[in-house]
Amino acid sequence: MIDERERAAAEVFLHSAPTGSGRILVVDDQTGLLGPGLESMGWTVHHWRRMSGPLGPASAWPEGRAFDAACVRLSKDKAAFEMALHAAASVLKPEVPVWVYGANDEGIKSAAKRMTTVCDPVTVVDARRHCRVLEGHLRSDPTHLKSSLEDWATTCQLEFEDSVIAQRSYPGVFAKGRLDPGTKLLLSTLPALGEADVVLDYAAGSGVIGLGLKQRQPELTLTLLEADAVALEAAKHNLPDATAVLGHTLKDLPNSAPFDTIVANPPYHSGKARSTAVIAHLIQGAPEHLSGGGSLWMVLQSQVDVLTELNAHFESVEVAAHDRRYKVWRASTAKC
């Protein structure tokens, strides 16, 4: 089901898009509408998505070069949008059109200023249904173009109990790579695991939970599952000994032995809207990926009610810790 804000933004862009005969790079379309729509106008469509999902595979940087145009979906994260814009510009021919589209309440009105780092001039070509489409033309020599993922890498310091670890992150990564309050509560609640335990970090982001676990117990065998290809590149750098898997559901994991423990701070939003879809998929699929007596540990905002769902799929369920904002849930399978 397509979010109505996403649908409106995509349809407004298609209404304003010109016919073409070249190759267009479509960045972060979350509706599946742009491909068929642009192809019907004569364009040859190539997608770049940083998020793996039902619409197709993801990559941390666009593949291919010398595109004749690009359209970029405005991100709610300003730095992530700027990186996407530079990424698209790095694989375009000089002076070709670049369109950016999004909703007014997402900040599309101010996006023109960010576009001027790579485009000139920038104009509004359509405004309707609380959305706008901006058009610019790529400069022949874009100012300060950051043309690779490494150009966007940042390093922050994570404090785990009595130690500090340097961690890589990129724009758009959850909590900007830092130790957010929910993850901190989860790590402080988790008991020592078995020395030979095999652990899955679900929706791993840049690997913050995994770093915390490996700091305490370096011998753990760790797998990271993450839908964001950019975040996963950070996680690979931060946890080079872990198995890193790009995917948006447990079904994307390779066939392997079950895990003793699954840990998660799963996302509670899809774009700007709240969504429990990722949480539901985790709860429903986790038991078949856990060994007998294995446990799912996850931290959620306190208002997210998962008790009924957990009881339907696990042998035992408890709130292991809580504060004013978060709850840490432990759900265990039956022992063999």
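Everything here concerns the structure above.
Residues numbered from 1 in each chain as written. Predicted model: local features only at pLDDT ≥ 70, side-chain atom pairs only at ≥ 80, totals over all residues. Heavy atoms only, no water.

1. As for the packing of helix 5 (residues 181-189) against helix 6 (residues 208-216)
In contact at an axis separation of 10 Å, helix 5 and helix 6 are set at 30 degrees when each is read in the N-to-C sense. In terms of axis orientation, helix 5 runs roughly parallel to helix 6. In this structure, the crossing between helix 5 and helix 6 has a hand that is right-handed. Along the contact surface, helix 5 presents Thr183, Leu186 and Leu187, while helix 6 presents Val208, Ile209, Gly212, Leu213 and Arg216. Residues belonging to the contact of helix 5 with helix 6 are distributed by class as follows: five nonpolar, two polar and one charged. (Axes fitted to C-alpha atoms, helices over the stretch in contact; angles between N-to-C directions. Helix = DSSP H or I, 4+ residues; strand = E, 2+ residues; numbered from the N terminus. Parallel < 35°, antiparallel > 145°, perpendicular 65-115°, else oblique. Left-handed = near helix turned anticlockwise from the far one by under 90°. Contact = heavy atoms within 4.5 Å. Nonpolar A, V, L, I, M, F, W, Y, C, P; charged D, E, K, R; others polar.)

2. Brief notes about the state of the cysteines
Within this structure, the stated rule accounts for zero disulfides. Cys71 supplies the cysteine sulfur nearest to Cys119, a cysteine that is in no disulfide, at a spacing of 13 Å. Judged by relative accessible area, Cys119 falls into the buried class, the value being 0%. (Disulfide = S-S within 2.5 Å. Buried < 20%, exposed > 50% of the residue type's maximum accessible area, 1.4 Å probe, protein only.)

3. Description of the nonpolar core
Of all hydrophobic cores here, the largest spans 37 residues; its most connected members are Leu25, Phe81 and Val100. Every element with two or more residues in this core is listed here: strand 1 (23-27), strand 3 (69-73), helix 3 (78-89), strand 4 (97-103), helix 4 (108-115), strand 6 (131-138) and helix 7 (229-238). With seven residues, helix 3 is the single largest residue contributor to this core. (Core = buried A, V, L, I, M, F, W, Y, C linked by side-chain atoms within 4.5 Å.)

4. What about the pairing of strand 4?
Burial analysis of strand 4 places seven of its seven residues in the buried class, the great majority of the element. Along strand 4, one buried face is formed by Pro97, Trp99, Tyr101 and Ala103 and the opposite face, lined by Val98, Val100 and Gly102, is buried too.

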